[in-house]
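# Coordinates in review
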Amino acid sequence: ACEPDANDQQYTELSSDVRRVAMQRSVQGNGDIWLLDLLRTGSTRLTFDPADEAAPTWSPDGRQIAFASNRTGPYNLHVKASNGLGAEERLGPQATNTAPQDWSPDGRWLLYSEVHPTTGRDLWALDMAATGRTPHMVATTRAEETMAEFSPNGRWVAYQSNESSRFEVVVQPFPDASGKWQVSTSGGVAPRWRADGRELYFLAPDGTMMAAPVSAAGTSFEVGTPEALFPTRIVEGGSTRNQPQYDLSRDGRFLINQPARDATTAPITLLLNWNPAAKK
């Protein structure tokens with residue numbers, strides 16, 4: 001009764017030490033947050049509420065996991081210690097559906113998406129160090145903005161936006177949105193930064209992993225031509241969720257959530273090696 005349902009594994013995200021993977025799994029149709037130990041290959045359940053929990057997001061030090069839960073109505077932000085100890089904390093009484101996206105490298109800001117009745121999915125950041133945790137606006141146009149991630153230095157945010165009628169990957173400064181640069185050229189979703197901040201990965205409309213060289217100096221940002229790397233066979237193309245269906249370790253390895261090959265095969269998380277220097 002406690003085994004996860006077959007073919008249901010979403011929102012996979014690596015811890016910073018690359019030892020564990022947080023994900024949403026379902027038991028008898030109920031979504032919860034689970035942790036997969038990559039060293040011992042075992043998994044443990046982190047949340048047990050009868051409501052659904054989704055979109056787990058590691059804190060930079062690996063001690064906390066933010067997630068979304070609909071236990072009080074709309075999906076709202078919650079946080080829990082990754083060792084399972086202590087009570088879960090609800091991060092404010094949001095009136096609409098919200099889901100965590102990323103933590104800033106210094107742990108101060110929790111980036112999240114919010115569904116607004118007139119502007120669709122918008123991006124906000126919660127100041128976890130401030131009293132009252134007042135939300136900070138990141139991107140709130142009439143377009144959909146989601147699947148966002150901080151740059152390694154915390155000064156930029158990459159996300160996908162359909163402002164041009166199809167989803168493209170864009171980058172803007174943080175915390176002051178003084179400009180915006182488009183990274184993808186023929187459609188793109190689910191951006192992830194390379195550890196040194198000099199390259200952005202994203203998924204093309206057909207699920208191909210793409211890479212674009214980028215450079216930043218002060219408030220200036222430059223983007224090179226995106227290059228196709230490899231096909232991913234990623235779950236649902238990686239474009240229909242609040243978080244990417246892949247992640248990237250600091251040493252350049254990809255964690256990719258792929259569908260089961262047949263009805264009798266349990267869903268798998270496949271770790272692929274990629275050496276950025278080898279393609280130069």
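Residues numbered from 1 in each chain as written. Predicted model: local features only at pLDDT ≥ 70, side-chain atom pairs only at ≥ 80, totals over all residues. Heavy atoms only, no water.

It is worth spelling out the pattern of salt bridges at this point. Per the counting criterion, the structure on display carries 17 salt bridges. Where arginine 192 meets glutamate 13, a salt bridge forms, and the shortest distance between an N and an O atom there is 3.8 Å. Of this pair, arginine 192 sits in strand β17 (residues 189-193) while glutamate 13 sits in strand β1 (residues 9-14), placing them 179 residues apart in sequence. Comparing arginine 192 with glutamate 13, the two get one shared label, buried. Beyond isolated ion pairs, a larger network of salt bridges with shared partners links Asp49, Glu53, Arg71, Lys80 and Glu88. (Salt bridge = Lys/Arg side-chain N within 4 Å of Asp/Glu carboxyl O. Helix = DSSP H or I, 4+ residues; strand = E, 2+ residues; numbered from the N terminus. Buried < 20%, exposed > 50% of the residue type's maximum accessible area, 1.4 Å probe, protein only.)

Let us now look at the side chain of asparagine 76. Mapping asparagine 76 onto the fold places it in strand β7 (residues 76-81). Among the polar contacts made by the side chain of asparagine 76, one reaches the side chain of arginine 90 at a distance of 2.5 Å. Setting aside residues up to four positions removed in sequence, asparagine 76 forms contacts with Phe67, Ala68, Ser69, Arg90, Gly92, Pro93, Gln94, Thr96 and Thr98. (Polar contact = N/O pair within 3.5 Å; in protein donor to acceptor, adjacent residues only side chain to side chain. Contact = heavy atoms within 4.5 Å.)

Here we come to the layout of surface pockets. A water-sized probe rolled over the atoms picks out the places where empty space is left. Here the largest pocket is characterised by a volume of approximately 590 Å³. Taken together, 24 residues make up the lining of the largest pocket; nearest its centre are Ser16, Asp102, Glu149, Leu248 and Arg250. Where the lining of the largest pocket is concerned, the elements lending two or more residues are β1, β9 (98-103), β13 (145-150), β17 and β22 (246-248). The residue makeup of the lining of the largest pocket, split by class, is 11 nonpolar, six polar and seven charged. (1 Å grid on protein atoms, 1.4 Å probe; cavity = no way out; pocket = protein on both sides within 12 Å on 5 of 7 lines; lining within 4 Å. Points joined across faces, edges and corners; volume = space filled by probe spheres on them. Nonpolar A, V, L, I, M, F, W, Y, C, P; charged D, E, K, R; others polar.)

Take the sheet that holds strand β11 (residues 120-127) next. The antiparallel open sheet is built from four strands, whose spatial order is β9-β10-β11-β12. Two strands lie at the open edges of the sheet, namely β9 and β12 (135-139), each paired on one side alone. With strand direction ignored, the average angle separating the axes of adjacent strands in the sheet is 35°. Bridging between strand β10 (residues 109-116) and β11 involves eight bridges; their strand directions are antiparallel. Bridge assignment links histidine 116 to a residue of β11, and that residue is glycine 120. (Pairing = 2+ DSSP bridges. Axes fitted to C-alpha atoms, helices over the stretch in contact; angles between N-to-C directions.)

Looking now at the sheet that holds strand β8 (residues 89-90). Taken in spatial order, the four strands make up an open sheet running β5-β6-β7-β8, and their pairing is antiparallel. In this open sheet, the two strands that pair with only one neighbour each are β5 (53-58) and β8. Bridge count between strand β6 (residues 64-69) and β7: six bridges; the pairing is antiparallel. Bridging from a neighbouring strand, glutamine 64 pairs with alanine 81 of β7.

Next up on the list: the environment of glycine 73. By the secondary structure assignment, glycine 73 is in the loop between β6 and β7. Taking the relative accessible area as the measure of exposure, glycine 73 reaches 45% and is therefore partly exposed. The spatial distance from the C-alpha of glycine 73 to the C-alpha of glutamine 94 is 9.9 Å, given a sequence separation of 21 residues.

Tracing the chain through its elements places glycine 207 in the loop between β18 (199-203) and β19 (208-217). For glycine 207, the residues in contact, after removing those within four places along its chain, are Pro231 and Thr232.

Read these as layout, nothing more, since geometry by itself doesn't imply function.
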